[in-house]
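Examination of the molecular architecture
For reference, the chains in residue letters:
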Amino acid sequence: MNTPDKDSPLVFIVEDEPDIARLIATSLAEYGFRSETFGTGRALLARARKVQPELAILDLGLPDMDGLQVLRLLQEQHPCAALILTGRDGLTDRVLGLELGADDYLVKPFEPRELVARVRSILRRYQKAAASEPDAHGGARFAGWHFDIGRLTLTSDDGREVSLSAAEAALLQSLLKRPNKILTREQLIGERELDPFDRSIDVRISRLRRKLEDDPQDPKIIKTVYGAGYLLCAAVVWG
């Protein structure tokens, strides 16, 4: 176990039950993570305007606003990795959370070690994606689009700009690294074990298509290879 220092990853926790917030913060600290806790969504969003976390852990049942609204605003204004930790186990909440940019969804009651393991897995995926890019400080041009890695934006040749969530950007980077090659859902999701019913990658692919494609129902850039995975059909130029 590691002691957090000023260079340790920073995690924001929004949880209105103080005992649970303390449990999460203590568990993260034991494994070398810094954290800040907030009792309301507005408090987290206000802090995010000043300090950028590597990851946010979000409860959905907050006293001032729905956690899904917090997630949407966070990804629009201050994109970062996100994990939903909630007592709400409905399929609708899970799908909406993933659609809005969450990287994972964990239901209460939870095992603290599993929570830490999921946090570490999410952050490792982002670190590997950034480290393996040909020019992590630049961007990529493909199919009439420019992907700006630093700003998490897509800009079309006619100047239209589209924002990406951190999860969408990480998925797009994985596809752009290996254009014109079939990638399985397991390859795209990274280190986390994939449940047979896990549709998180499919949800994010659908969101990317709505932003990239002229007709998302008949995609030309990101194609589905049934029974195999997904394929980015474009030449990619980095820099």
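Above this text is the structure in question.
Counting restarts for each chain: residues are numbered from 1 in the order of the written sequence. Totals for whole chains, interfaces and linings use every residue, but because this is a predicted model, local features are given only for residues with pLDDT of at least 70 and side-chain atom pairs only at 80 or more, for both listing and counting. In computing side-chain values, all of the structure's heavy atoms are included and hydrogens and water are not.

1. Digging into the overall build of the protein chain
The number of helices and strands found in the protein chain is eight helices and 13 strands. Relative accessibility decides the category of a residue: with a 1.4 Å probe and only protein chains considered, values under 20% of the type maximum give buried, values over 50% give exposed, and everything between is partly exposed. Taking all 239 residues of the protein chain together, 50% fall into the buried category. Residue contacts follow a heavy-atom distance rule, with two residues in contact if any of their heavy atoms lie within 4.5 Å. Of the contacts formed within the protein chain by residues at least 6 apart in sequence, a portion of 61% connects residues at least 24 apart. Working definition of accessibility: Shrake-Rupley area with a 1.4 Å probe, residue cover restricted to the visible protein chains. When the accessible area of the protein chain is evaluated, it comes to approximately 11,500 Å², of which 50% is carbon and sulfur surface. Only runs of H or I of at least four residues qualify as helices and only runs of E of at least two qualify as strands under DSSP, and these elements are numbered from the N terminus.

2. Topic: the environment of glutamate 99
Tracing the backbone shows glutamate 99 in helix α4 (residues 91-99). Here glutamate 99 falls in the partly exposed class, since its relative accessible area comes to 21%. Glutamate 99 sits 66 residues away from serine 165 along the chain, and the two C-alpha atoms are 9.6 Å apart. Apart from residues lying up to four places away in sequence, glutamate 99 is in contact with Glu168, Val203, Arg207 and Arg210.

3. Re the nonpolar core
Membership of the largest hydrophobic core comes to 28 residues, with the highest contact counts inside it found for Phe142, Phe147, Leu154, Leu172 and Ile222. In terms of residue count, the dominant contributor to this core is helix α6 (residues 166-177) (six residues). Nonpolar core, defined: a set of buried Ala, Val, Leu, Ile, Met, Phe, Trp, Tyr and Cys residues in which side-chain atoms within 4.5 Å join the residues together. Counting residues in each nonpolar core, the second largest holds 22 residues, with Leu45, Leu58, Leu73 and Leu74 among its members.

4. Looking at the sheet that holds strand β5 (residues 104-107)
Strand pairing follows a simple DSSP-based rule, namely that at least 2 bridges must link the two strands. In space, the five strands of this open sheet follow the order β2-β1-β3-β4-β5, with parallel pairing throughout. One side of each edge strand has no neighbouring strand; the edge strands of this open sheet are β2 (34-38) and β5. On average, each strand axis in the sheet is inclined to that of its neighbour by 20 degrees, with strand direction left out of account. As paired strands, strand β1 (residues 10-14) and strand β3 (residues 55-58) are joined by four bridges and run parallel to one another. Bridge assignment links valine 14 to a residue of β3, and that residue is leucine 58. Axis geometry follows a simple rule: fit a line to the C-alpha atoms, using only the stretch in contact for helices, then measure angles between N-to-C directions, giving values from 0 to 180 degrees. In the packing of helix α3 (residues 67-77) onto the sheet, the strands contacted are β3 and β4 (81-86), and the crossing angle to β4 comes to about 175 degrees.

5. Let's talk about unusual backbone geometry
In this model, lysine 108 is joined to proline 109 through a cis peptide bond whose omega is -5 degrees. Within the element layout of this structure, proline 109 appears in the loop between β5 and α5 (112-131). Phi at alanine 143 is positive, roughly 50 degrees, even though this residue is not glycine. Considering the arrangement of structural elements, one finds alanine 143 in the loop between β6 (139-142) and β7 (145-148).

6. Focus: the pattern of salt bridges
Just to be clear on terms, a salt bridge is a Lys or Arg side-chain nitrogen sitting within 4 Å of an Asp or Glu carboxyl oxygen. Applying the stated criterion to the full structure yields 17 salt bridges. Here the salt bridges do not stand alone but share partners, grouping Glu15, Asp59 and Lys108 into one network.

7. What to know about the sheet that holds strand β9 (residues 161-163)
Strand order across the open sheet formed by five strands is β9-β8-β7-β6-β13, with antiparallel pairing between neighbours. The open sheet has two free edges, formed respectively by β9 and β13 (237-238), since each of these has just one partner strand. Two elements, β6 and β7, share four bridges in a ladder whose sense is antiparallel. Bridge pairing in β7 places phenylalanine 142 opposite tryptophan 145. Relative to the sheet, α6 contacts β6, β7, β8 (153-156), β9 and β13, its axis offset from that of β7 by approximately 120 degrees.

8. Re α3
All buried positions along α3 are accounted for by Gly67, Leu68, Val70, Leu71, Leu73, Leu74 and Gln75. Looking at where α3 begins, the residue whose side-chain oxygen comes 2.8 Å from the main-chain nitrogen of leucine 68 is aspartate 66. As used in this structure description, the phrase polar contact means that two N or O atoms lie within 3.5 Å; if the pair is within protein, one of them must be able to donate a hydrogen and the other to accept it, and residues adjacent in sequence are counted only when both atoms belong to side chains.

9. Focus on the packing of aromatic side chains
For Phe, Tyr and Trp, where Trp contributes only its six-membered ring, two rings pair if their centres lie within 6.5 Å, and the inter-plane angle classes them as stacked under 30 degrees, edge-to-face over 60, or tilted in between. Scanning the entire structure with this criterion turns up one aromatic pair. The interplanar angle of 65 degrees and the centroid separation of 5.0 Å between the aromatic rings of phenylalanine 12 and phenylalanine 38 together place this pair among those described as edge-to-face. Here phenylalanine 12, found in strand β1, pairs with phenylalanine 38, found in strand β2; they are 26 residues apart in sequence, far enough to count as distant. Like phenylalanine 12, the residue phenylalanine 38 is buried in the burial classification.

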